[in-house]
Amino acid sequence: MGALSKIALDPVKTPGILHVDNLTQESADMVNRILAANRSNHIFTSSEKEMGAYLHNHVVYHALSLFALGASPELILAQSKRNFTYQLPPPKLMEEKYVEEMMSGPTGVERYLGDEDHFLDFIEFFERKIDSDGPEKVLQDYLLGDSAIAKSIYPRLWHGYVHAIMHVGLGLEFKQNAILAEGLAEAAVHHDWWYTKYIDVTAELAQKELEPKMSVVEILDECLKDPIITNCIDWDYTKQYEEPSEAYPDGRWFVTREPYRDGVVGLALEPLSTLAARYRVSPDDDLEKATAEIINASIYIAASAQRAPHQPHYDFFLIHGSNACMWHSVFLQESSITRAQQARLIETTGRLLLFLWAGVGAPVPQLDYLINVYKPKVPNRGWDKLFEAACLHEDDGHMIKLIRALAHGEKACEPYDHLPEFRIKQHMFKHAANAAIDSASAQPMVYIRHFDLIRLVGLPEAWEHVPIMAQ
């Protein structure tokens, strides 16, 4: 990494928005070294061109979460070594000619949007821009403003199962311009047009204000009444296999049918976008409350997606919504983001929560089952022990991000606990976190295979191998 790329965590100056008190410089230094190695040797997504879907590199998310929750340098290193084993090298290295072309003007940038091969070129481009113009101007020029480039990159924040928004959020949260540049580059190379179509169609409908505003969870209640939305996904979406061919004699894993592209947008775009357009946030609204509302809604959607009588488990896709919402609290602290832009960010994520929910089989919420039937395996386990367990869990960082998001949600939502749209009440956040830790498998993650998260949780087939909860 060059001078512009240096990551310099500090336990006092850059502890993160949700952290424990015992942060050390030794752990910060370990994360600095790990993230430098990750940048040098790995790409931040798999080649979607080769697999039909993104398999993201989570080393940054995992290492920073471990640091914030007090993991030792040795533990941070051990977790990262395991995660390094399945990362892919960049498809090509940074090439100065492409960076210079991008630096020459908008046309040079637009030419390479959506092209994974130019990921490292985009990182270098954004780092140079941040160095010369400052991060505030770069956010306006290439993400939040009115330029054609910003309008193109903005919806890509949510592409790839809501990933780039988390990476940009981490860069702002830990005040690391190198990570911010990575997040912007990650957004720039994604090309999941179906996310953009949903975002744009819903925004256009919202501008017409055809129906009164509703909260995210109220809209979810209405979505449950629509058979097109609730039946747009089936179990065949899990059967991702391409038959043998000359290029691949043994066949290969490949996403031939993508649930959000072919199911949600392909079959349910009209009814879902019509309802989602009723979630609207104005610059004149209480934006802290609006942020807390989507945090609460995201946790409600993910935590209540259970199926009695099975042991509670979380859906892989739904937790991405919960994890992403946390960084809206970070965006609120960024003074360069206008109130109108804050409102737009909040409402886009709020609408994407409904999109994510529909794409996993539209699970009927079973919050009462989670809160009143499930009993934690370890009674009275507090946040300190939950943080410790999350740090020790051997996956790629999904569990620790979820636990951190739940803990942050408890704090962010406290002032609004009395409001009906805040369905996750104060006593429920820790309970939901205990359920997550209790669902964690003792078997370490192998390659990209999780042994605790399940997929398409709204479908009964997803629960066939989940044990029945002991009475």
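The structure displayed is predicted, hence computed values, not measured ones. (Residues numbered from 1 in each chain as written. Predicted model: local features only at pLDDT ≥ 70, side-chain atom pairs only at ≥ 80, totals over all residues. Heavy atoms only, no water.)

### Focus: the nonpolar core
Across soluble globular proteins, you tend to see nonpolar side chains buried next to one another.
Alright, step 1. Formed by 161 residues in total, the largest nonpolar core has its most connected members in Leu35, Phe122, Phe126, Tyr198, Tyr260, Tyr314 and Ile403.
Alright, step 2. Sorting elements by how many residues they give to this core places helix 17 (residues 287-303) first, with eleven residues. (Core = buried A, V, L, I, M, F, W, Y, C linked by side-chain atoms within 4.5 Å. Buried < 20%, exposed > 50% of the residue type's maximum accessible area, 1.4 Å probe, protein only. Helix = DSSP H or I, 4+ residues; strand = E, 2+ residues; numbered from the N terminus.)

### Observations concerning the side chain of His159
Alright, step 1. Structurally, the position occupied by His159 is in helix 10 (residues 159-162).
Alright, step 2. His159 sits in the buried class, given a relative accessible area of 2%.
Alright, step 3. Within the structure, His159 has its side chain in polar contact with the side chain of Thr196 (distance 2.8 Å). (Polar contact = N/O pair within 3.5 Å; in protein donor to acceptor, adjacent residues only side chain to side chain.)

### Concerning the packing of aromatic side chains
Alright, step 1. In the structure shown here, the tally under the stated rule is 19 aromatic pairs.
Alright, step 2. Between Tyr195 and Tyr260 the ring centres are 6.5 Å apart and the planes differ by 35°, which places this aromatic pair in the tilted class. In this pair, Tyr195 sits in helix 13 (residues 193-208) while Tyr260 sits in helix 16 (residues 259-276), placing the two residues 65 residues apart along the sequence.
Alright, step 3. Tyr195 gets classed as buried once you look at its relative accessible area, which sits at 1%.
Alright, step 4. Of the residues examined, Tyr260 reaches a relative accessible area of 0% and is grouped as buried.
Alright, step 5. An aromatic cluster is present here, built from Tyr161, Trp193, Trp194, Tyr195, Tyr198, Tyr260, Phe316, Phe317 and Phe355 joined pairwise through their rings. (Phe/Tyr/Trp six-rings, centres within 6.5 Å; stacked < 30°, edge-to-face > 60°.)

### Describing helix 3 (residues 59-68)
Alright, step 1. The element helix 3 is largely enclosed, with a buried count of ten among its ten residues.
Alright, step 2. All buried positions along helix 3 are accounted for by Val59, Val60, Tyr61, His62, Ala63, Leu64, Ser65, Leu66, Phe67 and Ala68.
Alright, step 3. Gly70 occupies a position one or two residues after helix 3 and carries a positive phi of about 90°.

### Observations concerning the environment of Leu69
Alright, step 1. Of note, Leu69 is situated in the loop between helix 3 and helix 4 (73-84).
Alright, step 2. Spatially, the C-alpha atom of Leu69 lies 20 Å from that of Met445, the residues being 376 residues apart in sequence.
Alright, step 3. Leaving out residues up to four positions away in the same chain, Leu69 has contacts with Leu18, Val20, Phe387, Cys391, Ile400 and Arg404. (Contact = heavy atoms within 4.5 Å.)

### Overview of the packing of helix 17 against helix 23 (residues 398-413)
Packed helix pairs are specified by the crossing angle of their axes together with the interaxial distance, meaning the distance between the axes.
Alright, step 1. At their nearest, the axes of helix 17 and helix 23 sit 9 Å apart, and the two run at 135° to each other. Viewed along their axes, helix 17 and helix 23 adopt a mutual orientation that is oblique. Crossing of helix 17 over helix 23 shows left-handed handedness. Residue-level inspection shows Ala292, Ile295, Asn296 and Ile299 of helix 17 in contact with helix 23, the latter providing Ala405, Leu406, His408, Gly409, Ala412 and Cys413.
Alright, step 2. In the contact of helix 17 with helix 23, the residues fall into seven nonpolar, three polar and no charged. (Axes fitted to C-alpha atoms, helices over the stretch in contact; angles between N-to-C directions. Parallel < 35°, antiparallel > 145°, perpendicular 65-115°, else oblique. Left-handed = near helix turned anticlockwise from the far one by under 90°. Nonpolar A, V, L, I, M, F, W, Y, C, P; charged D, E, K, R; others polar.)

### Examining the pattern of salt bridges
Alright, step 1. Overall, the coordinates contain 19 salt bridges when judged by the stated rule.
Alright, step 2. Among the salt bridges present, the one from Glu101 reaches Arg111, with a minimum N-O distance of 1.9 Å. Here Arg111 lies in the loop between helix 6 (106-110) and helix 7 (119-133) and Glu101 lies in helix 5 (residues 96-103), a separation of ten residues in the sequence.
Alright, step 3. The closest approach of N and O atoms between Arg128 and Glu124, which form a salt bridge, is 2.8 Å. Of this pair, Arg128 and Glu124 both sit in helix 7, four residues apart, which is roughly one turn of that helix.
Alright, step 4. Judged by relative accessible area, which is 21%, Arg128 ranks as partly exposed.
Alright, step 5. The structure contains a network of salt bridges with shared partners spanning Arg39, Glu127 and Glu182. (Salt bridge = Lys/Arg side-chain N within 4 Å of Asp/Glu carboxyl O.)

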